[in-house]
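# Observations on chain architecture
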Amino acid sequence: MSVLDEAPTSQSPLEPDQAEDTSPQRKPIKVRDFKPSDVLLLAVTAIAAYSIVWIIFDQLTLFSGEFGFVVTWIVVFLGMYWFINLQIYGRHMAVDRLLGGIVTIGAMCMILPLVLLIVYIFSKGLPLLSLNRFTQTQAGVGPLSPISAGGFLHAIVGTLEQVALAAIMGIPIAILTAIFLNEIGGRISSSVRIVVTAMSGTPAILAGVFIYSIWVLTVHDYSGFAASLALAILLLPTVTRGTEEVLRIVHNDLREASAALGAPDWRTVWSVVLPTARSGLVTSILLGVAVSIGETAPLIMTVFGAQVMNTNPFHNPQAALPLVVYQEIKLPQKSAVALGYTASLVLFILVFTIFVLARILGSTWLQNTLRGRGKGKGARLDGDVEEELFSVALAPAMSFGSGEADVDLGYHYRPDQEDPT
Amino acid sequence: MMTTSDVTTDARKVASSSAANLGEQPITAGELNATGVCAWFSGRLVLEDVDLFMERHAVTALIGPSGCGKSTFLRILNRMHETINGAQLAGTVELNGEDIYSPNQRATWVRRHIGMVFQRPNPFPAMSIEQNVLAGLRFNRIKTSSKADLVEEALTKAGLWTEVKDRLSNMGGALSGGQQQRLCIARALAVRPSVLLMDEPCSALDPASTLRIEETIADIKEEVTVVIVTHNMQQANRVSDNCAFFLSENGKPGHIVEVGSTVKMFSAPNDPRTLDYVNGRFG
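Bear in mind the structure is a predicted one, so any value in this text is a computation, not a measurement. Think of each chain on its own: its residues are numbered from 1, step by step along the sequence as written. Chains carry letters from A onward and ligands carry numbers from 1 onward, assigned in written order. Local features in this predicted model are restricted to residues whose pLDDT is 70 or higher, and side-chain atom pairs enter the listing and the counts only when it is 80 or higher, whereas totals over whole chains, interfaces and linings include all residues. No hydrogens and no water enter the side-chain calculation; it runs on all heavy atoms of the structure.

## Thoughts on the pattern of salt bridges
- The term salt bridge refers to a side-chain nitrogen of Lys or Arg lying within 4 Å of a carboxyl oxygen of Asp or Glu. Overall, the coordinates contain 20 salt bridges over all chains when judged by the stated rule.
- Between Lys157 of chain B and Glu153 of chain B there is a salt bridge whose closest N-O contact spans 3.1 Å. You can see Lys157 of chain B and its partner Glu153 of chain B sitting in helix α5 (residues 147-157), 4 residues apart, about one turn around the helix.
- Think of it in three bands: residues with accessible area under 20% of the maximum for their type are buried, residues over 50% are exposed, and the middle band is partly exposed, with areas taken using a 1.4 Å probe on protein chains only. The class for Lys157 of chain B is buried, based on a relative accessible area of 17%.
- Measuring nitrogen to oxygen at the nearest pair gives 3.6 Å for the salt bridge that ties Glu215 of chain B to Arg212 of chain B. Taken together, the residues Glu215 of chain B and Arg212 of chain B, both in helix α8 (residues 207-220) and 3 residues apart, mark about one turn of the helix.
- Here the salt bridges do not stand alone but share partners, grouping Arg193, Glu244, Glu245 and Arg248 of chain A into one network. Working definition: helices are DSSP H or I runs of at least four residues, strands are E runs of at least two. Numbering for both runs from the N terminus.

Have a look at this one:
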């Protein structure tokens, strides 16, 4: 008899959690089961591949270098893994396992540098991190002061003010541009899109030089506002492209429904398109903000930096966290370099907080949507917005928050796709 | 008794004034008259010389195989056709004797008076059931003395009131497909249109929901003229008073083969192609 006779057909193989209540006679089949013996097989293959590569690479030939070793190891491992699965399970399973292996290794290659970076910043910055780094400034702290003295409050305040000003200036323009590109269009929209694309490739230092020459060198002086002008230039294309991507996913049916009720176009955008894309919009805005927080190059020529607190962003030089990192690590003293790492940890915490905030804001709205609307069209639409946004524009956020969605091949499976539409 | 043009002028006055009270506006089914309608997509003629009169207090069904231009014709009736890139049209469409394509006629005014229900239910996902029903009023800045009454009235007409009256603040997308479509009908009826156009409103729904929508159509046809596109011959037979059979043969643009009362079209049509189509022998 066939396998299907042993398995209850009502049990969906996609939901193995439900299998626990069933009696042994009605055991559901497990598609893509990865048994303990398979884990063992994987480990043994990896070790065997390592040994073979060690013999050939290090002992028999004149090759050298860790990078080459690892690449050879991966290639040999994949080949062996495919061959062994071919012997045990057959061709179909072998190809499945091979591709699964390639995808998993690819994901690990993406996650590894990030993990190393975070570990490095924490190991370097953590020893000197204390509460006064968040509550004090560098005022009165000189080369002879103890290393525990002072903090980065002036830089945190400076960065937040500069980025907030940049956001206030840049985000409305960015959203209006995205609305123009997606909702109005017309003949010049393609050239506008090219300009936006080119802008997103602008080197950050150029934005700094530009503001330096037209703002700082003229009547004005170094100020937080000059920095926020430069940051706004950099934030503009990021938010525009993210927003445009989100608006594009809002279903055209909704625009038609609105128009068919007699709504003018501006009303359709304001009351239907933007509220529908709200969660994606929030995420896209916060990500633009988070990106501009980390910019250093435009700050060098615009805020100049300061050791003391300057809460007025429109007058006199101000400090900024990325600039503190840059300036401290340049100094010859070891204590200053160590402090630079601590400053970068503080910056990391700040950026991380904003990224987490972006995710929480986005997902709260998403959950409300799902709870309120069940499996309906609205839920599917918002799911699309979220999913597209994260996969297209905001890959870095995903890696910061959690990497769990990256490797899942069933990521695009949605039960409500079976709607007969 | 007011004349046709009086009614239209009155309705227009009410619509153009933002302070207009919807409750005072008389409910009037309108009549639509299309003459010599042609339609192009990117320069390709898809609909040629269609004349059709859609009388008030009646349901007119547009039937015909896929790609014969029924939906295009329907969208021309409330100026939704022109929203598509590369779409052009010719001919005249008159609502109660007034040309909806005349240069001083606003498309938003036309669409507010000639409502539309689409093939796929499309409630606004960011709005509650109540907000969905009132969306048209908000979009047109129409004031009403009692929003609650209007919501109840529109939902009752659409046959949805008893099912949702306890959860009006829930999101529209939480409803089932059939309920969503009835919500869309309620949303379209809330602005008190003269004509309601329905583009295959039941094609995405199950038989039970389809039945409810058909009952709704029968209930509302005294207040609003209904024009419905359908691929379902039994449905056309059940709900409509008049039928227009569209056909596009051998790559030629779509045109009307025959118009008549539904009884005659389904029992003894003049054209043999109509007989073949309504009996399911092609299409």
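## Considerations on helix α3 (residues 66-88) of chain A
Residues and elements named next belong to chain A.
- A rise of 1.5 Å per residue sets the reference length of α3, with its 23 residues, at 33 Å; its end C-alpha atoms lie 32 Å apart and thus fit the reference within 8%.
- By the burial criterion, the buried members of α3 are Phe69, Phe77, Leu78, Met80, Tyr81 and Asn85.
- Residue contacts are defined here by distance: any two heavy atoms, one from each residue, within 4.5 Å place the two residues in contact. Those residues of α3 hidden inside the fold are in contact with α2 (36-60) and α4 (91-125).
- Once α3 finishes, Gly90 follows within two positions and takes phi at roughly 105°, a positive value. Helix span, expected: 1.5 Å multiplied by one less than the number of residues in the helix.

## Quick look at the sheet that holds strand β9 (residues 242-247) of chain B
All names here are of chain B.
- One open sheet accounts for 6 strands, arranged β6-β7-β8-β3-β9-β10; its pairing is mixed. One side of each edge strand has no neighbouring strand; the edge strands of this open sheet are β6 (114-117) and β10 (255-261). On average, each strand axis in the sheet is inclined to that of its neighbour by 15°, with strand direction left out of account.
- For two strands to pair, DSSP has to find at least two bridges joining them. Pairing of β9 with β10, which is carried by 6 bridges, proceeds in the antiparallel orientation. Residue pairing across strands places Asn242 opposite Ser261, the latter belonging to β10.
- All axes are obtained by fitting lines to C-alpha atoms, using only the stretch in contact for helices, and the reported angles, taken between N-to-C directions, cover 0 to 180 degrees. Along the sheet face, α8 touches β3 (59-63), β7 (195-199) and β8 (225-229) and points at about 150° away from the line of β8.

## Topic: the domain arrangement of chain A
Residue and element names in this part refer to chain A.
- Per the domain assignment, the segments making up chain A are domain 1 (36-125) and domain 2 (153-371).
- Domain 1 puts 6 residues into the contact, and the matching count from domain 2 is 5 residues.
- Note: buried area is the sum, over both parts, of the accessible area (probe 1.4 Å) each one loses when the two are combined. Interface of domain 1 and domain 2: buried area, both sides summed, is about 590 Å²; carbon and sulfur atoms make up 79% of it.
- At the boundary of domain 1 with domain 2, the tally comes to 0 salt bridges.
- Counted as a polar contact is a pair of N or O atoms within 3.5 Å, where, for protein atoms, one must be capable of donating a hydrogen and the other of accepting one, and residues adjacent in sequence contribute only when both atoms are in side chains. Connecting domain 1 to domain 2 are 2 residue pairs in polar contact (both at pLDDT 80 or more).
- When its residues are assigned to classes, the side of domain 1 that touches domain 2 shows 4 nonpolar, 1 polar and 1 charged. All domain edges in this entry derive from an automatic or database-based domain assignment. Put simply, Ala, Val, Leu, Ile, Met, Phe, Trp, Tyr, Cys and Pro go in the nonpolar bin, Asp, Glu, Lys and Arg in the charged bin, and everything else, Gly too, in the polar bin.

## Quick notes on the packing of aromatic side chains
- Pairing of aromatic rings covers Phe, Tyr and Trp, the last counted by its six-membered ring, and requires centre-to-centre distances within 6.5 Å; plane angles under 30 degrees mean stacked, over 60 mean edge-to-face, and any other angle means tilted. Under the criterion given, the structure shown has 14 aromatic pairs over all chains.
- With centroids separated by 5.2 Å and ring planes inclined at 70°, the aromatic side chains of Tyr50 of chain A and Phe69 of chain A adopt a geometry described as edge-to-face. Of the two residues, Tyr50 of chain A sits in helix α2 while Phe69 of chain A sits in helix α3, which places them 19 residues apart along the sequence.
- Put simply, the rings of Tyr50, Phe57, Phe69 and Trp73 of chain A touch in pairs and so form one group of aromatic residues.
- Seen from the ring of Phe124 of chain B, Arg187 of chain B lies directly overhead, with NZ or CZ sitting 4.4 Å from the centre. Two thresholds decide whether a charge sits over a ring: the Lys NZ or Arg CZ must be within 6 Å of the ring centre and within 35 degrees of the ring normal.

## Some remarks on the sheet that holds strand β5 (residues 98-99) of chain B
Residues and elements named next belong to chain B.
- In space, the 4 strands of this open sheet follow the order β2-β1-β4-β5, with antiparallel pairing throughout. Edge positions in the sheet fall to β2 (44-54) and β5, since each has one partner strand and no second.
- For strand β4 (residues 87-95) and β5, the ladder comprises 2 bridges, and the chain directions are antiparallel. Each bridged residue has a counterpart across the sheet, and for Glu94 the counterpart in β5 is Asp99.
- Against the sheet, helix α2 (residues 70-77) engages β1 (32-41), β2 and β4, with an angle of about 120° to β1.

## Some words on the side chain of Asn78 of chain B
- With respect to the secondary-structure elements, Asn78 of chain B resides in the loop between α2 and β4.
- Side-chain polar atoms of Asn78 of chain B contact the backbone oxygen of Ile114 of chain B, separated by 3.3 Å.
- In contact with Asn78 of chain B, not counting residues within four places along its chain, are Ala260 of chain A together with Val110, Arg111, Ile114, Gly115, Met116 and Leu197 of chain B.

## Focus on the interface of chain B and chain A
- Tallying the contact residues gives 32 residues for chain B and 27 residues for chain A.
- Carbon and sulfur atoms supply 61% of the area buried between chain B and chain A, which totals about 2,400 Å² over both sides.
- Viewed at the interface, chain A and chain B are joined by 2 salt bridges.
- Taking the shortest distance from any N to any O, the salt bridge between Asp253 of chain A and Arg120 of chain B comes out at 3.2 Å.
- Counting across the chain B and chain A interface gives 7 residue pairs in polar contact (both at pLDDT 80 or more).
- Those elements that place two or more of their residues in the side of chain B that touches chain A are α3 (107-113), β6, α4 (129-140) and α7 (177-190) of chain B.
- If you tally residues by element for the side of chain B that touches chain A, the top one is α4 of chain B, at 5 residues.
- Broken down by class, the residue content of the side of chain B that touches chain A amounts to 16 nonpolar, 9 polar and 7 charged.

## Quick look at the environment of Tyr81 of chain A
Residue and element names in this part refer to chain A.
- Relative to the helices and strands, Tyr81 is located in helix α3.
- Distance from Tyr81 to Arg97, taken between C-alpha atoms, is 7.9 Å for residues 16 residues apart in sequence.
- The residues touching Tyr81, leaving out its near neighbours within four places in the chain, are Phe34, Leu42, Thr45 and Arg97.

## What about unusual backbone geometry?
- Positioned with a positive phi, Phe304 of chain A is a non-glycine residue whose angle comes to about 75°.
- Checked against the element boundaries, Phe304 of chain A lands in the loop between α13 (297-300) and α14 (321-330).
- Positive phi is not limited to glycine here, since Ser42 of chain B has a value of about 50°.
- With respect to the helices and strands, Ser42 of chain B occurs in the loop between β1 and β2.
- Ser42 of chain B gets classed as exposed once you look at its relative accessible area, which sits at 65%.

## With respect to the state of the cysteines
Residue and element names in this part refer to chain B.
- The rule for a disulfide is simple: a pair of cysteine sulfur atoms within 2.5 Å. All chains considered together, the criterion is met by 0 disulfides over all chains.
- Free cysteine Cys38: the closest other cysteine sulfur is in Cys68, separated by 15 Å.
- Its sulfur unpaired, Cys202 is 12 Å from the next cysteine sulfur, which belongs to Cys184.
- The class for Cys202 is buried, based on a relative accessible area of 8%.

## Some remarks on the nonpolar core
- The biggest cluster of nonpolar side chains holds 91 residues, and the ones touching the most others in it are Phe73 and Leu77 of chain B.
- Counting residues per element, this core draws most heavily on helix α6 (residues 153-184) of chain A, which supplies 10 residues.
- When near neighbours in sequence (up to four residues on either side) are disregarded, Leu77 of chain B contacts Leu32, Ala34, Met54, Val93, Ile100, Ile114, Leu197 and Val227 of chain B.
- Residues grouped as a nonpolar core are buried Ala, Val, Leu, Ile, Met, Phe, Trp, Tyr and Cys residues, joined through side-chain atoms within 4.5 Å. One finds Val151, Val164, Cys202 and Ile217 of chain B within the second-largest nonpolar core, a separate group that totals 47 residues.

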